[in-house]
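Here are the chains, one letter per residue:
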Amino acid sequence: MVLVDSHGSKDDGAMVDFRGNPVDKSKTGGWLAAGLILGTELSERICVMGISMNMVTYLVGDLHLSTAKSANIVTNFMGTLNLLGLVGGFVADAKLGRYMTVAIAASVTALGVTLLTLATTIPSMRPPPCTDPRRDPCVEANGRQLAMLYTALYTIALGGGGIKSNVSGFGSDQFDSSDPKEEKAMIYFFNRFYFCISLGSLFAVTVLVYIQDNVGRGWGYGISAGTMIIAVGVLLAGTALYRFKRPQGSPLTVIWRVVSSAWRRRRLPYPPQPDMLNEYYNATVPHSNKLRCLDKASVIEGDTPADAAKGVATSKPATVTQVEEVKMVVMLLPIWSTCILFWTVYSQMNTFTIEQATFMNRNLGGFEIPAGSFSFFLFITILLFTSLNERVLVPLARRVTHTKQGLSSLQRVGIGLVFSIFGMGASALVEMRRRDAFISDGTRIRAFWLVPQFFLVGAGEAFAYVGQLEFFIREAPERMKSMSTGLFLSTLSMGYFVSSVLVTLVDSATSKKWLRSDLNRGKLDNFYWMLALLGVLNFMVFLVFAMRHRYKVQNYVVPQQESTSTDAGNIAAEVATEGVGSSF
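Computed from a prediction, not measured in an experiment: that's the story for all the values here.

**Student:** Honestly, the packing of aromatic side chains in this entry has me stumped. Any pointers?
**Tutor:** The way to describe two aromatic rings as a pair is by their centre distance and the angle between their planes. One pass over the full model with this rule turns up 24 aromatic pairs. Here the aromatic rings of Phe-385 and Phe-455 are separated by 5.5 Å at their centres, their planes lie at 65°, and the arrangement is edge-to-face. In this pair, Phe-385 is assigned in helix H14 (residues 376–401) and Phe-455 in helix H16 (residues 451–475), connecting sequence segments 70 residues apart. When its relative accessible area of 34% is taken as the criterion, Phe-455 is described as partly exposed. When the centroid spacing of 5.4 Å and the interplanar angle of 70° are considered together, the rings of Phe-471 and Phe-472 count as edge-to-face. As far as the burial class goes, Phe-471 and Phe-472 line up, both buried.

Below is the structure:
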């Protein structure tokens, strides 16, 4: 199978079949190929959500770890998984291609879930049961037992990162954007891709969580492992049907080259005119005056023999196009930094909110709902608001703003941040009521009191997820689109890691008084109030950055010598799509 040609050619960006020949549209791509690829994402979502939404109950109940430590294990796992998305994207872009990366990553995920099944099934991998914690202190899991658990979790994270960063791009490769009919199908593909994510999540938090709690962890994770193995088989079986795009090199390599070149040339003077920079008139992205320190990377003066004799860097300078593309990525970082806290708030839905449910009345008739299954309300809300956004809110916003977009990407992010603040406020109020009711007369209030916080954070995700993903894709340089998904995933990753840091700091600063394993003796509501306050401060910073941000087309200053009718038409079309003024 000829998929990778490490020697670049003019056709490297063209689509080929599994033998490396130009694609036959009648035999490759389309919905059948995309559907087989979607099966991999569906299986990955079932595995990851089945773990993250219910793992904290296993860590506290079976391994006898503290609530704070259990929460950190889950958030570190999710943070690593999303961070490895950057690695998966780099590997696919630089060498292996999307298909090979997804196939290998899916196999690694299947291995990881199989190890997790063994770790939760073998009796020696768990400490002795704890029947009465007040009389006999519970024995925590030892290092050997945790080592196998960590090995399984981070094997899953390694595979999940490779899938998450490439499967959507590989699926969209099955449609030709230059063909109007296939371009329309590609739009539906992304809708169905998001639907598969939500469908897999719903199955995980209902069916799988119930099996884990009432039949056995081994059965629950075993089903996930079997699903992933089947997905790998289906993906490989469809190899002849796929369209492939050869890897053309990672944008991260360009970024490193520009930054390192600018540093080596930092002592060189700026040229009198910007058109003296390397390949100024051949630039596909016009030169801008922002972040001038990076312009040093394209200064040519350091390449003379006299300068070489003086020890001045003589490496080949970067082009103006490369420098401007890196500038565009750097200018995304202020917004990127303010998106992190949303996912810190969201991570509480995987950890402390699930732990809250274990201390509440979960009976519905004669049936006790598993604590992890209350995440059902989170995903239902996401689906509800996703539908409302496209059918009601966006059309209404279009009438008000008279723009095609209706709500800009940053407006969506801002709405999501506001929802997350109210979500943490609701969480704090519910926890206060739950603890007070138990302390006063031993009453366990109904777990359905958790629905408001799931609803508010879920509504926030429906806005923030779409807004952030759209922002990074639209604002990233054209040649760095493949990296934009990884940049988005890194906000999720950092959000989970920030949650772990905050939990550790709060646990230490309060001498373990806020975040106790027995929530009835803790002050979890104070932790929620702290996140709400941080959310308010973060939102104010976000407003400043959002109001200063301009869409990338507004930074273009096209050199007179190179301004053509085609360039002007392209820019005018983009301006018409983006709108004018502040992107917020």
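From this point, the discussion proceeds with the structure in view.
**Student:** Please explain the packing of helix H3 (residues 67–96) against helix H4 (residues 98–121) as it appears in this structure.
**Tutor:** For any two helices packed against each other, the geometry comes down to the angle between their axes and how far apart the axes lie. Put simply, H3 and H4 touch, their axes get as near as 8 Å, and they point 135° apart. Accordingly, the angle class assigned to the pair H3 and H4 is oblique. Once H3 is placed against H4, the crossing between them reads as right-handed. For the pair H3 and H4, contact is made by Gly-88, Val-91, Ala-92 and Leu-96 and by Arg-98, Met-100, Thr-101 and Ile-104, respectively. When the residues that make up the contact of H3 with H4 are grouped by side-chain class, the tally is five nonpolar, two polar and one charged.

**Student:** Just to check I follow, could you spell out the pattern of salt bridges for this structure?
**Tutor:** Pairs may arise between side chains of opposite charge once their charged atoms sit close together. By the definition in use, this model includes nine salt bridges. Close ionic contact of Lys-327 with Glu-324 constitutes a salt bridge, the shortest N to O distance being 3.0 Å. Of the two residues, Lys-327 and Glu-324 both sit in helix H11 (residues 320–330), three residues apart, roughly one turn of that helix. In this pair, the class of Lys-327 matches that of Glu-324, namely buried. Taken together, the salt bridges that share partners define one network made up of Glu-44, Arg-45 and Lys-164.

**Student:** Hey, could you run me through the environment of Gly-423 in this one?
**Tutor:** Following the sequence through the fold, Gly-423 ends up in helix H15 (residues 409–441). Residue class for Gly-423 comes out buried when judged on its relative accessible area of 0%. Sequence-wise, Gly-423 and Pro-452 are 29 residues apart; in three dimensions their C-alpha atoms are separated by 7.5 Å. The contacts of Gly-423, once residues within four sequence positions are left out, are Gln-453, Leu-456 and Val-457.

**Student:** Any chance you could explain helix H18 (residues 524–548) here in plain terms?
**Tutor:** Along an α-helix, residues three or four apart share an orientation, since each turn contains 3.6 residues. Between the first and last C-alpha of H18 there are 37 Å, a value that for 25 residues agrees with the 36 Å anticipated at 1.5 Å per step. Along H18, the positions that sit buried rather than exposed are Leu-524, Asp-525, Phe-527, Tyr-528, Leu-531, Ala-532, Gly-535, Asn-538, Phe-539, Phe-542 and Ala-546.

**Student:** Just checking my understanding: could you explain the packing of helix H12 (residues 333–347) against H15 for this structure?
**Tutor:** It is at 10 Å that the axes of H12 and H15 come closest, and there the two elements cross at 35°. Relative to H15, the crossing made by H12 is left-handed. Counted together, Ile-335, Thr-338, Cys-339, Phe-342 and Val-345 of H12 and Leu-410, Val-413, Gly-416, Leu-417, Ser-420 and Met-424 of H15 form the full contact between these two elements.

Cut-offs applied
Residues numbered from 1 in each chain as written. Predicted model: local features only at pLDDT ≥ 70, side-chain atom pairs only at ≥ 80, totals over all residues. Heavy atoms only, no water. Phe/Tyr/Trp six-rings, centres within 6.5 Å; stacked < 30°, edge-to-face > 60°. Helix = DSSP H or I, 4+ residues; strand = E, 2+ residues; numbered from the N terminus. Buried < 20%, exposed > 50% of the residue type's maximum accessible area, 1.4 Å probe, protein only. Axes fitted to C-alpha atoms, helices over the stretch in contact; angles between N-to-C directions. Parallel < 35°, antiparallel > 145°, perpendicular 65-115°, else oblique. Left-handed = near helix turned anticlockwise from the far one by under 90°. Contact = heavy atoms within 4.5 Å. Nonpolar A, V, L, I, M, F, W, Y, C, P; charged D, E, K, R; others polar. Salt bridge = Lys/Arg side-chain N within 4 Å of Asp/Glu carboxyl O. Expected span 1.5 Å × (residues − 1).

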